[in-house]
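Structural overview for review
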Amino acid sequence: MPEARPLRSRNLAFLGFLLLLLVLWQAVWSVGLLPGYSLPSPAQVAVRLAELARDGALWPSVQASVVRMALGFVLSAALGLALGLAMGLSTLADSCLRSLFLGLQTLPSAAWVPIALLLFGLGDAAIYFVIVMSSMAAMAIATADGISHIPPHYLRAARSLGTSGVALSTRVALPAALPSIVTGIKLGWTLGWHGVVSAELIKSSIGLGFLLHAGRELNDAAQVVGIMLVTIFIGLVLDRVLFAWFERRIRVRWGFAPDTSRG
Amino acid sequence: MTAAAAAGSAAAPARITLSGVTKRFITPRASVDALGPLTLDVAEGEFVVLVGPSGCGKTTLLNLVAGFETATDGEVRVDGAPVAGPGPDRAMIFQESALFPWLNIEDNVAFGLRQHARMSATERRAVALEYLRLVHLEGFEHAFVHELSGGMKQRAALARALAPRPRALLCDEPFGSLDALTRERLYAELQELHARTRRTTLFVTHNTREAACLADRVVVLTSRPATIASVLAVDLPRPRNFYDPRVSELAGEILAHLRAEPTPSNGGRDA
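Here goes a summary of the coordinates provided. What you see is a predicted model, and the numbers here were worked out from it, not measured in a lab.

Thresholds, definitions, all that
- Residues numbered from 1 in each chain as written.
- Chains lettered and ligands numbered in written order.
- Predicted model: local features only at pLDDT ≥ 70, side-chain atom pairs only at ≥ 80, totals over all residues.
- Helix = DSSP H or I, 4+ residues; strand = E, 2+ residues; numbered from the N terminus.
- Rg over C-alpha atoms; globule rule 2.2 N^0.38 Å.
- Buried ≥ 20, exposed ≤ 12 C-beta atoms within 10 Å, placed from the backbone.
- Contact = placed C-beta atoms within 7 Å.
- Pairing = 2+ DSSP bridges.
- Axes fitted to C-alpha atoms, helices over the stretch in contact; angles between N-to-C directions.
- Core = buried A, V, L, I, M, F, W, Y, C linked by C-beta atoms within 7 Å.
- Nonpolar A, V, L, I, M, F, W, Y, C, P; charged D, E, K, R; others polar.
- Parallel < 35°, antiparallel > 145°, perpendicular 65-115°, else oblique.
- Left-handed = near helix turned anticlockwise from the far one by under 90°.
- Right-handed = clockwise from strand over helix to strand, strands pointing away.

1. With respect to the overall build of chain B
On a plain count of helices and strands, chain B comes out with eight helices and 10 strands. Relative to its length of 271 residues, chain B is compact, with a C-alpha radius of gyration of 18 Å against a globular reference of 18 Å. For chain B, the spread of C-alpha atoms along the three principal axes comes to 55 × 45 × 35 Å. When the 271 residues of chain B are sorted by exposure, 49% land in the buried category. Within chain B, contacts between residues separated by at least 24 positions form 73% of all contacts whose residues are at least 6 apart in sequence.

2. A look at the sheet that holds strand E10 (residues 228–233) of chain B
All names here are of chain B. Pairing in this open sheet of six strands is mixed, and the strands run E6-E7-E8-E3-E9-E10 from one edge to the other. The open sheet is flanked by strand E6 (90–93) and E10, the only strands paired with a single partner. Neighbour-to-neighbour, the strand axes of the sheet open up by a mean angle of 15 degrees, direction not taken into account. With five bridges connecting them, strand E7 (residues 168–172) and strand E8 (residues 200–205) associate as parallel partners. Note that in E8 the partner of leucine 170 across the bridge is leucine 202. On top of the sheet, helix H5 (residues 150–162) reaches E6 and E7; it is set at about 170 degrees to E6, its chief contact.

3. A word on the nonpolar core
In terms of nonpolar packing, the biggest core is built from 144 residues, with Val130 of chain A together with Val65, Tyr131, Ala159, Leu170 and Leu202 of chain B touching the most fellow members. Here the element with the most residues in this core is helix H6 (residues 124–148) of chain A; it accounts for 17 residues. When near neighbours in sequence (up to four residues on either side) are disregarded, valine 65 of chain B contacts Ile16, Val76, Val83, Arg90, Leu170 and Leu202 of chain B.

4. Section: the interface of chain A and chain B
Facing the 15 residues of chain A at the interface are 21 residues of chain B. At the level of elements, helix H7 (152–160) and helix H11 (221–253) of chain A are the ones that each hand at least two residues to the side of chain A that touches chain B. The element that contributes the greatest number of residues to the side of chain A that touches chain B is H7 of chain A, accounting for six residues. Along the lines of polarity and charge, the residues of the side of chain A that touches chain B split into seven nonpolar, four polar and four charged.

5. Digging into the packing of helix H4 (residues 91–105) of chain A against H6 of chain A
All names here are of chain A. The N-to-C vectors of H4 and H6 enclose an angle of 135 degrees; their axes lie 9 Å apart at closest approach. With respect to their mutual orientation, H4 and H6 come out oblique. As for the relative orientation of H4 and H6, their crossing is left-handed in sense. Where H4 abuts H6, its residues Asp94, Arg98, Phe101, Leu104 and Gln105 lie against Met133, Ala137, Ala138, Ala140, Ile141 and Ala144.

6. Concerning the environment of serine 54 of chain B
Along the polypeptide, serine 54 of chain B turns up in the loop between strand E3 (47–51) and helix H2 (58–66). Measuring from C-alpha to C-alpha, the distance between serine 54 of chain B and leucine 99 of chain B comes to 25 Å, with 45 residues separating the pair along the chain.

7. Quick look at the pairing of E7 of chain B
Residues and elements named next belong to chain B. When you tally the buried positions in E7, you get five out of five residues, the bulk of the element. Sheet topology note: the E6/E7 ladder contains four bridges and is parallel. Across the sheet, residue methionine 92 finds its bridge partner in E7, namely leucine 170. Where the polypeptide runs from E7 across helix H6 (residues 180–197) and back to E8, its parallel neighbour, the crossover connection is right-handed.

8. Overview of unusual backbone geometry
All names here are of chain B. Looking along the chain, the bond that leaves arginine 224 and enters proline 225 is cis, with omega of -5 degrees. Position of proline 225 among the secondary structure elements: in the loop between strand E9 (217–221) and E10. Between arginine 238 and proline 239 the backbone carries a cis peptide bond, its omega angle lying at -5 degrees. If you trace the backbone, proline 239 turns up in the loop between E10 and helix H8 (245–259). Even without a glycine there, the phi angle at glutamate 173 is positive, about 45 degrees. Summarising the element assignment, glutamate 173 is placed in the loop between E7 and H6. Glutamate 173 gets classed as buried once you count the C-beta atoms within 10 Å, which come to 20.

Structure below.
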């Protein structure tokens, strides 16, 4: 595994690669392979983003998307964990829900938008619905899998120490399944982020999806590419900073990965 | 405050009786007779070691006493009451420590004390520390499982099992994955712990020297389905040294009894 390389050199490698991509992009634009209205140059994108930021259009939209995502995600994670726990503990619940959830997962998040609009009209409720439907199933399945793959001696040890019923779920099953649950939450976050932007594309007057849509309406390729980059950036930062750190800690503590934090 | 005082009245060690116990595992494709019929009486405070060919059903026997599995026939009783499931009166120690990685060592050891509803968090902590001292792990109460060596993990598992003052201790090859030096230290510590706490102990192993070093009585099991091949009472003085020639001699004797048993043809794992 590439884990052995120190973090700093990995980050440097990534930055170098990013720079290379920018140079390639600039090169493709310079030789004029594609017409200027469909492919902007890196500089044009940067200028457009700066304009959007200066006009006060960018920040409120970033905020709107992130807040929607955070609220929708909390709702989705709560539902996903509860249903996943039920699936992990009850064969009946698992038989009923697993195939349904696997089926729902095959739908891309944009496919939830039309039905969300029909069900909830033009309010933010439709966006929350899309977030939940895009991300909940993945989190439920990860939780259920985590629980059904708990090493049996954890449960046996807990039972022979006098633990049963609800305490067995909350004090043993859930924490024992945590590594798998965190992986599910990470995946759920990414899928939910897809959901927000997809929903905003079609219905909204604010948000990253709305700015994408507006950019296309105005034939403003620089705005479209710029907002795509912002969307990627936010998703990546949250994944790398928040979840990756948490996931790493858990993997070390659960004994799945070596502890590199000490000498 | 001593651990005994904190954990409430000292519970007497249990008497474990198995009468005509059999266990048959039925899968869609086959039915396997894993055990019995087997009759065994373990006295209060006795240290009984079960040895047998690999895959013979030693672990199954332990699981029946622990209440993780139910007997197909016959009865398992603890102090006359039939075993109806796992319970805090019978603590189990596994080959892998089964410590919870999400808790630190102190919270692991205190885990089983939560059933004592009248114990406060401070009392639970005091008891946990007392037992950590007993297994020579003082100073590691805030460590996490991944920071301990294999031997320290099994010590912590021992402390966790003993802290709620179970009446019997069930050990499933607890030292099987440890290196020789660590094992030898733990034999001494386990003997000392047993002398102090007198918990009735059922200990499964395939290591004959380990059996000779620890047991009041060695029960040699036949290959599957496991029944009792022979019983050897051990009256060597304690504490016993792993390298005591009398221990070696007894180990040889146990081995001879084991060799008389045909090894199972499938060479399978302990069922």
